[in-house]
Structures are given as structure tokens and as C-alpha cells.
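Architecture at a glance
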Amino acid sequence: MMHLLYSIFVDPFVQMGAAPDLLVQTLWDGLVSGVLYALIALGFVLIFKASGVFNFAQGIMVVFAALTLVGLAEHGVPAYVALALTIVVMLVLAVGVERLILRPLVDQPEIILFMATFGLTYFLIGLGELIFGGDPKVMIAGQLGLPSGSYRITMAGGYVQLQKIDIAAAIIASLMVAGLGILFNRTRIGRALRAVADSHRAALSVGISLEQIWVIVWFAAGVVALATGIMWGARSDVSFALETIALKALPVLILGGFTSIPGAIVGGLLVSVRQKVGEFYWGSLVGGGIESWFAYVIALVFLLFRPQGLFGERIIERL
Amino acid sequence: MLYREVGQYKTSYAADQALLPILQDKIGIAVLLLIAFVGVPLTASDFTLNSVLIPILIFSLAATGLNLLTGYTGLLSLGTGGFMGVGAYACYKLMTLFPHVNIIVFILFSGFFAAAVGIVFGLPSLRIKGFYLAVATLAAQFFLSWCFIRVPWLYNYNISASIEVPTKMLFGIAVTGPTATSVTRYLVVLAIVAVLTLLAANLVRGRTGRTWMAVRDMDLAAELIGIRLYQTKLLSFAVSSFYCGVAGAMLVFLYLGNAEPSSFDINQSFLILFMVIIGGLGSLLGSFLGATLIWGLPILLRHVPTYFGLSIESAKVDQSTFMILGALIIFFLIVEPHGLARLWQIGKQKLRVWPFPY
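Residues numbered from 1 in each chain as written. Chains lettered and ligands numbered in written order. Predicted model: local features only at pLDDT ≥ 70, side-chain atom pairs only at ≥ 80, totals over all residues. Heavy atoms only, no water.

**Comments concerning the overall build of chain A**
Across its full length, chain A holds 14 helices and two strands. Counting all 319 residues of chain A, 51% fall into the buried class. Looking at chain A as shown, the accessible area adds up to about 14100 Å², and 66% of this sits on carbon and sulfur atoms. (Helix = DSSP H or I, 4+ residues; strand = E, 2+ residues; numbered from the N terminus. Buried < 20%, exposed > 50% of the residue type's maximum accessible area, 1.4 Å probe, protein only. Areas by Shrake-Rupley, 256 points an atom, 1.4 Å probe, with all protein chains shown as cover.)

**A few points about helix α14 (residues 340-353) of chain B**
With 14 residues, α14(B) should reach 20 Å at 1.5 Å per residue; the first-to-last C-alpha distance of 21 Å fits that figure. Burial in α14(B) covers these residues: B:Leu340, B:Ala341 and B:Val353. (Expected span 1.5 Å × (residues − 1).)

**Quick notes on a nonpolar patch on the surface**
Residue and element names in this part refer to chain B. A cluster of nonpolar side chains, contributed by Ile29, Leu32, Leu33, Leu34, Phe37, Val38 and Leu42, occupies part of the molecular surface with about 670 Å² of accessible area. Tracing the backbone through its elements, the reader meets Val38 in helix α2 (residues 23-43). On the basis of relative accessible area, Val38 is assigned to the partly exposed category, the value being 41%. (Patch = residues over 30% accessible without salt bridge, like charges linked within 9 Å, V, L, I, M, F, W, Y side chains within 5 Å. Salt bridge = Lys/Arg side-chain N within 4 Å of Asp/Glu carboxyl O.)

**Observations regarding the packing of aromatic side chains**
One pass over the full model with this rule turns up 19 aromatic pairs over all chains. A ring pair is formed by B:Tyr89 and B:Phe264, whose centres lie 6.4 Å apart and whose planes are at 65 degrees; its orientation type is edge-to-face. You can see B:Tyr89 sitting in helix α4 (residues 80-97) and its partner B:Phe264 sitting in the loop between β4 (258-259) and α11 (266-279), a full 175 residues away along the chain. For the pair B:Tyr89 and B:Phe264, one class covers both residues: buried. For the ring pair B:Phe242 and B:Tyr243, a centre distance of 6.1 Å and an interplane angle of 75 degrees mean the geometry is edge-to-face. Note on accessibility: B:Phe242 and B:Tyr243 belong to one class, buried. Through successive ring pairs, a cluster of aromatic residues spans A:Phe56, A:Phe114, A:Phe118, A:Tyr122, B:Phe270 and B:Phe274. (Phe/Tyr/Trp six-rings, centres within 6.5 Å; stacked < 30°, edge-to-face > 60°.)

**Quick word on the side chain of B:Thr184**
Residues and elements named next belong to chain B. By secondary structure assignment, the location of Thr184 is in helix α7 (residues 182-205). Given the relative accessible area of 17%, Thr184 is considered buried. Not counting residues up to four positions away in its chain, the partners in contact with Thr184 are Ile173 and Ala174. (Contact = heavy atoms within 4.5 Å.)

**Details of the layout of surface pockets**
Residue and element names in this part refer to chain B. Size it by volume and the second largest pocket reaches roughly 2000 Å³. Lining the second largest pocket we find 44 residues, and of these Leu20, Ile29, Leu32, Leu284 and Leu285 sit closest to its centre. Among the elements of the structure, α2, α3 (46-72), α7, α8 (207-217), α12 (284-307) and α14 are those that each provide at least two residues to the lining of the second largest pocket. Tallied by class, the residues present in the lining of the second largest pocket amount to 32 nonpolar, seven polar and five charged. (1 Å grid on protein atoms, 1.4 Å probe; cavity = no way out; pocket = protein on both sides within 12 Å on 5 of 7 lines; lining within 4 Å. Points joined across faces, edges and corners; volume = space filled by probe spheres on them. Nonpolar A, V, L, I, M, F, W, Y, C, P; charged D, E, K, R; others polar.)

**Section: the packing of helix α7 (residues 164-186) of chain A against helix α8 (residues 188-198) of chain A**
All names here are of chain A. Closest axis-to-axis distance for the α7/α8 pair is 5 Å, and the angle between their directions is 75 degrees. Comparing their axes, α8 and α7 come out roughly perpendicular. Facing Leu183, Phe184, Asn185 and Arg186 of α7, the residues of α8 in contact are Arg188, Gly190, Arg191, Leu193 and Arg194. Looking at the contact of α7 with α8 residue by residue, the classes come out as three nonpolar, two polar and four charged. (Axes fitted to C-alpha atoms, helices over the stretch in contact; angles between N-to-C directions. Parallel < 35°, antiparallel > 145°, perpendicular 65-115°, else oblique.)

**Examining empty space enclosed by the protein**
On inspection of all chains with the given rule, the structure shows four cavities of 30 Å³ or more. Its boundaries defined by the atoms lining it, the largest cavity holds a volume of some 70 Å³. Lining the largest cavity we find A:Phe54, A:Phe56, A:Phe114, A:Leu247, A:Leu250, B:Leu78, B:Phe131, B:Ala134, B:Val135, B:Leu138 and B:Phe270. When residues of the lining of the largest cavity are assigned to their parent elements, the largest contribution, four residues, is made by helix α6 (residues 130-150) of chain B. The residue inventory of the lining of the largest cavity, partitioned by class, reads eleven nonpolar, no polar and no charged.

**A look at the confidence of the model for chain B**
Taken as a whole, chain B shows an average pLDDT of 84; of its residues, 94% reach a score of 70 or greater. Of all helices and strands in chain B, the one with the weakest mean pLDDT is strand β2 (residues 168-170) of chain B (69), whereas α8(B) scores best (92). (pLDDT = per-residue confidence, 0-100.)

Dropping the structure here:
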């Protein structure tokens, strides 16, 4: 019993103190994968904010965008042209989703729309495998001008390794968030988006085109998905296994709140850091592999105390 | 003409509130049960029983369980696969601990373990709702999946980390294991599903079901008229998990024959949720229709091209199946968001007034 308590409450901290370089490395790993979680969560938040749809297909959109990019490049299209073409494909997808799914299903309960994005997920999995095959592919990171290699920083008797691609990912993510922030808060479209988010009927009655807004939002989510796919693909490779990252982003959303862009970022970083640290220092106690559910438990505990998330709007229910 | 309640007078309150108040319904159900219990075992091939009817019945039961929670009480759950797994592993452990007890007893009893786990993971349901609750149940799903892999005690320290079902007898006939015939297993599954469905039908039209539906429709109002929210929600979690647990135990013992942790992963949960939504939220019939459609469709898609003499490589078929399934889900949601059960209701109304339009 004493031994167990010791290994829970004392030993991990002793380890942290003894090897600060390992701690920093773990924290850094957590932060960089947090950026990716945050990017996925960002795609979710965008669509949830503007159409009230919980878009389960965000994960497969990431895979689909990355596969399109790599697939085009494999057929000899220059990298930047392929990038532009992929963005066009995401636009087509957004228009298609609006025409074929959102428009006929307008004003249906949330759960029906949620299920529809499930149908979309299945459809995209099938389509992606049919066109590009099911094998993992290598992301064309080098041709897109993304750096490779790493910096090594010596500290406290050890060293910490920082991958250049991770730094690039962090920079791109922050640029994207800044861009979306400006789009949402400073432009006419952004105001329309927020109006639709509040109440799509009221927005419709003051002359905002729902169709247009939905296409814009889904297109923005598609571009975010593409960025996520490139970053994630550069770290490992592009395969359908990426599809499950959508589920990993859920606790991030819970922490950040479903409607908050900064929440998505902070939530992503928090969840990922705690996950990595938890796995590294406490994981061995229960046989490892706790990464798969640890984030959910954090989110669950958090939910009990602050159900609206860190930055989410508090919704007061009235009878 | 054929389906009309005219002339069927009720002389007591009980007769009016009966489960099947109309004569035609009684005849219909009786014929259906007769076909299921007698006609099918005599005529159906091994393939039909093994890969179509047995899984459809088992998934119908799981969908019924989820429907009690999601359709009747309005609590979205994504942990169905995990709860089914609890049933399956509980049944397996009970069987190895007490090898001489009848296996059917354990299949039913394992539901109680699932119910207990369901209550624990249902605890957050008072404070959170909707998608947030769905995420909380996802936590259950991931935690349970992890347990099925990382707790070797659950699968008796088997090296392959899977559970294998030995042959068990019932009245001298093999019910489980490789020697059990598909007809025997079909009949056992059918009997359990029929009894539990009858139980569910009575549960939802009684006091329990009414409180569930009150909570679903508006929980604040339900609380004001004196329904205890917490008890109601937890009871719903318990009953739902009981059904899922029994379905999980049957899935392993009477259909798959052995179970790996992947049999109870998140995809299983989503599959069951699909069945409930496509079939119809808040309808027991819907659970059966949804399970039939979602399970039957891929089989149909796989076999239709061969009838026309087309030969397509199987990988292509799988991918197109995915695409068509996805498209069909969206199609059904657009055409009838209330599910197949609603279509059946509309059809019934049409039959009732036929040959007049209304």
C-alpha cells in the first residue's frame, strides 16, 4: 500500500527533478502534438459555431485533403499547383455538403445532422480508398518548403530535441488562428457567421444567405483540415488511421468549450501535455497505453465542475 | 379494409390498454412469431441463419437497449460497445468460475454486471446533457476497451488476449461452441430476444417508460411534476446497459464463438447508434428495422453484383459498400428523419383508411 502511494505521489516527481531535460522534452512533445489536436478542434469549432452541426467528418476530411494533395503530387503535378487544386477540391466538397446534406436537412434536430456527418464520413472513407487506395502515403513536406531536421538544445546535463517541422506547425497554426480570428471579429462575413450561429432563423430574416455562410464555413474547415493533414502527414505518414484523431480531439473540445476558438487552442495544448506527462510518469503503474482514455477522464472530471468548458458561453436553460 | 379497428369494442379499461389492442395486430404478431420459431428453422440455410438472422437478432437487442436510453430517455450514449463487452467478459468469467451452471443463466445474468457498470458511467448524466454526455460515455467506451486489452484476468491470461467459447450443453444439445448447430443457436437467440423485447415493450408503456419519456421531452418540467431525475436517468442507464450486456454476451457465445477486444470497440457503438437512428428513435420496432437494414445492406450489396453475373474484386466491393452505406444513411435521414418505424406508421395509417385518401 505504502509502495503504491509512493509510486503515485512521490516517485514521478522525484523522476522529474532528477532529469529535468526529460521533463522538458515530454512537455515539448505534449505541446507540439497539442498544436495538432488544436487544429482539428479548430475545424470542429468552426462548423459547430456557424451551423450547430457537430461535424464528425472532420477527421476524415483531414485524411481526404492530405490524400488528394499527395495523390495529385504522385501524378506529377507540381507541389504548389497540387496544393491549390486540393483547396479547390475542398471548396467543391463544401458546396456539395451544403447542397446535398445541409440544405435538405435544415431545421432538423442536432442529432440527425450529427448522424448525417457520419454518413459523410463513411462516404469519404469509401471514396478515398476507391480513388487513392488504402496504403499509407508519404507527405510531400519537402516539396512544399517545410523544413526538416531538428535543433538540439543542451540543458541540465542532457539535451532537448526540437523538430523544425513542429515549430513550423506551431507558426502555421497560430497564423491560421489569427486569420480566423480576424475573419470572425472584423469582417462583414464574420458578423454574418456569428449571427447564423446565434439563430439561423433570425439571420435568415435579416437577409443573410444561409447557403453562402455554410459553404464558407465548411470551406474554411476544409482548409484547416488540409493544414492539419499536411502537418500530421509530415510527422508520420498519410493513412486512414488518421481518421480516429477526430475522436482524440473531442476531449479538447470539452475542455475548450464547443464554441470558442481560443478554447480549442488552449484545450488542445492542455489535454496533450497532460496526456504525455501522465503516460510518461504514471502510465507504467497501470500497464501503459492510458493515452487512449486519459484525456477523456480529464475532460470528464472537468465537465463536472465547469460544464461549459474553459471559454464556452454559459447557456442558461429556462422552462 | 383489412387493417381496420372498426367494430372491435372494448368493454374494460384493461382491454383498451392492452399491448396489442387490435385483432389484426395480434394475428400479425402471432404469424410473425410462428414463422420465426417454426418456419425459419425448417427452411433457412446455414448461411442465412449464421450470417444474417442471428446477428440481426442480437444487434436488434443491443439497439433496443440503446433505444431505451437514447430514444426514450433522450440521453445520447456512445458507449454501447463497451457495455456489450462488459456483458461478454462477465459471462466468460462467470462461466470459468462456475462451469456447471447453465450457460443461458449466465448470459442473462451477465446483463446485471453491464447494468452496474452502466450506472457508474451514467453518474455524470445529471449534470451534463447532449453532446457533452455523449463524450462522457465515450470515456466509458475507451476505458472499457482499454480494460479488455490490459487486464489479463478478464480473458484468463490467454496468450492471444481473446476469449474462446467452449461447448456447453442445454438439455443434452450443444448450445455454444463449434459443435452447436446454427438452428439451435438461432432458436436460443430468438427466444431470449423475444422475451426481452416483450419485457421492454411493457416497460416503456408502463410507469417507468412514461417517466423516461417525460424526462426526454423536458427534464425541468418532469422534475416539477415530481419525477426524480437522477433515479430515472440512472435506471434508464441500468436497463439499457442490461440489454446491451445480454446482447454482448450473446454476440460472443452464440454468434462469434470467440471475442477479441476489437469486437467491442468504438465502431461497434457507432454501428448500434446508426441502427437506432435509421430505425427510429423511441420505437422498439425501429430497433429491429434499423438492425435489419444496417446489417443486411452490406450483405445485399456484396451479393447483388454476382446475381447479375458481374465480378468485381472484393476490395472494390468493400469500398463501394462504404460509399453506398454512407450515401444511404444521408438519404434516409433526408427522406425520413424519424426513421423506418415512422414509415411503417404512415403505411399503417394508409392501410386503415384505404381505399380513401384520408
